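Per-entry structural report
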Amino acid sequence: MNKRIKSLVLGASLVASMAILGGCGSNNVGYVDSVKVANSTEKGIEITKEINAKKAELDAKIASADEASKQNVFNQANQELNAFANAKAQEYRQYQEQKVGELVKEKKLDVVIEKGAVVGGGSDVTDDLIAKMGKASDDQIKEAENAAKAQEQQDAQQNAQQSGQATAVNTEESAQ
């Protein structure tokens, strides 16, 4: 029943938004692929590097902690990383919103939405936004992609190690 209510509310919202967009005459709607923008602009790559550097710094801090304080250091580092990442994400959002505002004025758009929200129509202004925000060089983009892959592999290894340690501790506790 709860799913049906959610579906009805979602459907009503969709119909209402379509009526608003459809009833306002000719609207000029632009859409952007936010992931592509973040991965293709100097600002997006710069912020990703800063977050990854902070994570590496905190990972080293965790690794150097003694076993007695490791969990406490881990929790503190996790909070610090989350606060840092949130601040950097806010910085990026503000910068992107400023550039989207400029793009809206230049292109005389009524609205710019996320690409995933578009079922049909609209104008893709992703490349225009990338240019406005400062397109990263192909080398910077490739370097960022490689760093992201390496980070994913490192995270997977850490998760496997933590999972293995937890299993070993649980096995020891069961044996006792």
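Here the structure is shown first, and the text comes after it.
Residues numbered from 1 in each chain as written. Predicted model: local features only at pLDDT ≥ 70, side-chain atom pairs only at ≥ 80, totals over all residues. Heavy atoms only, no water.

1. Section: the sheet that holds strand 2 (residues 111-114)
Operational definition: In short, DSSP must find at least two bridges between two strands for them to pair. For helices the rule is a DSSP run of H or I covering at least 4 residues; for strands it is a run of E covering at least 2, with both sets numbered from the N terminus onward.
Within the open sheet, the three strands sit side by side as 2-1-3. Their pairing is parallel. The outermost strands of the open sheet, each flanked by one partner alone, are strand 2 and strand 3 (123-124). In terms of strand pairing, strand 1 (residues 29-32) meets strand 2 through four bridges, oriented parallel. Within the sheet, the bridge partner assigned to V32 lies in strand 2 and is E114.

2. Thoughts on the packing of aromatic side chains
In this description, a pair of aromatic rings is defined by centroid distance and the angle of the planes. How we decide: Between 30 and 60 degrees the pair is tilted, below 30 it is stacked and above 60 it is edge-to-face, where a pair is any two Phe, Tyr or Trp rings, Trp via its six-membered ring, whose centres lie within 6.5 Å. Charge over a ring is defined by NZ of Lys or CZ of Arg lying within 6 Å of the ring centre and within 35 degrees of the ring normal.
Within this structure, the stated rule accounts for zero aromatic pairs. Across from the ring centre of Y95, 5.4 Å away, lies the NZ or CZ of K43, which sits over that ring. Its end group placed over the ring of F84, K54 keeps NZ or CZ at 5.5 Å from the ring centre.

3. Things to note about helix 5 (residues 126-133)
Filter applied, for reference: Each residue is assigned to one of three classes by its accessible area relative to the maximum for its type, calculated with a 1.4 Å probe on protein chains only: buried under 20%, partly exposed between the two thresholds, exposed over 50%. The arc refers to the directions leading from the helix axis to the C-beta atoms. Any two residues whose heavy atoms approach within 4.5 Å at even a single point are treated as in contact.
For helix 5, the set of buried residues is T126, L129, I130 and M133. Taken around the axis of helix 5, the buried residues stretch over an arc of 100°, which confines them to a single face. Of the surrounding secondary structure, the elements contacted by the buried residues of helix 5 are strand 1, helix 2 (34-40), helix 4 (70-107) and strand 3. At the exit of helix 5 stands G134, carrying a positive phi of roughly 100°.

4. Considerations on the nonpolar core
The criterion, for reference: Definition of nonpolar core: a set of buried residues of the types Ala, Val, Leu, Ile, Met, Phe, Trp, Tyr and Cys, connected through side-chain atoms within 4.5 Å.
Of all hydrophobic cores here, the largest spans 11 residues; its members are V32, V37, I47, Y92, V100, L103, L109, V125, L129, I130 and M133. Elements with a minimum of two residues in this core: helix 4 and helix 5. Formed by six residues, the second largest nonpolar core is a distinct cluster that contains L58, A65, A77 and L81.

5. As for the pattern of salt bridges
Where charged atoms of side chains with opposite charge meet at close range, the side chains can pair. Heads up, the condition is: Salt bridge, as applied in this entry: a Lys or Arg side-chain nitrogen positioned within 4 Å of an Asp or Glu carboxyl oxygen.
The tally for this structure, following the rule as stated, stands at 13 salt bridges. We note a salt bridge from D127 to K36, for which the minimum N-O separation is 3.2 Å. Within this pair, whereas D127 is found in helix 5, its partner K36 is found in helix 2, the two being separated by 91 residues in sequence. You can call K36 partly exposed: its relative accessible area is 37%. The partner of K70 in a salt bridge is E67, and the shortest N-O contact between them spans 3.8 Å. Look at E67 and you get exposed, because its relative accessible area is 65%. Here the salt bridges do not stand alone but share partners, grouping K43, E50, K88 and E91 into one network.

6. Here we look at the packing of helix 3 (residues 42-64) against helix 4
The condition is simple: Angles here are taken between N-to-C directions and fall from 0 to 180 degrees, while the axes themselves are lines fitted to C-alpha atoms, restricted in helices to the stretch in contact. When describing relative orientation, an angle under 35 degrees is termed roughly parallel and one over 145 degrees roughly antiparallel, while 65 to 115 degrees is termed roughly perpendicular and anything else oblique. Each residue is assigned to one class: nonpolar for Ala, Val, Leu, Ile, Met, Phe, Trp, Tyr, Cys and Pro, charged for Asp, Glu, Lys and Arg, and polar for all the others, Gly among them.
Their axes nearest at 9 Å, the elements helix 3 and helix 4 cross at an angle of 170°. Here helix 3 lies roughly antiparallel to helix 4, going by the angle between them. Of the residues in helix 4, those in contact with K43, G44, I47, E50, I51, K54, K55, L58, K61, I62 and A63 of helix 3 are K70, V73, F74, A77, E80, L81, F84, A85, K88, E91, Y92 and Y95. Per-class residue counts for the contact of helix 3 with helix 4 are 13 nonpolar, one polar and nine charged.

7. Regarding unusual backbone geometry
Working note: non-glycine residues mostly have negative phi, and peptide bonds are mostly trans. Residue K108 is not a glycine yet carries a positive backbone phi of 55°. When you line up the elements, K108 lands in the loop between helix 4 and strand 2. By relative accessible area, K108 is classed as exposed at 66%.

8. What about helix 3?
Where we set the bar: Take the residue count of a helix, subtract one, and multiply by 1.5 Å to get its expected span.
Between its first and last C-alpha, helix 3 extends 33 Å over 23 residues, near the 33 Å set by a 1.5 Å rise per residue. All of the buried residues along helix 3 are K43, G44, I45, I47, K54, K55, L58, D59 and I62.

Scope: geometric values only; no functional claims are made or implied.
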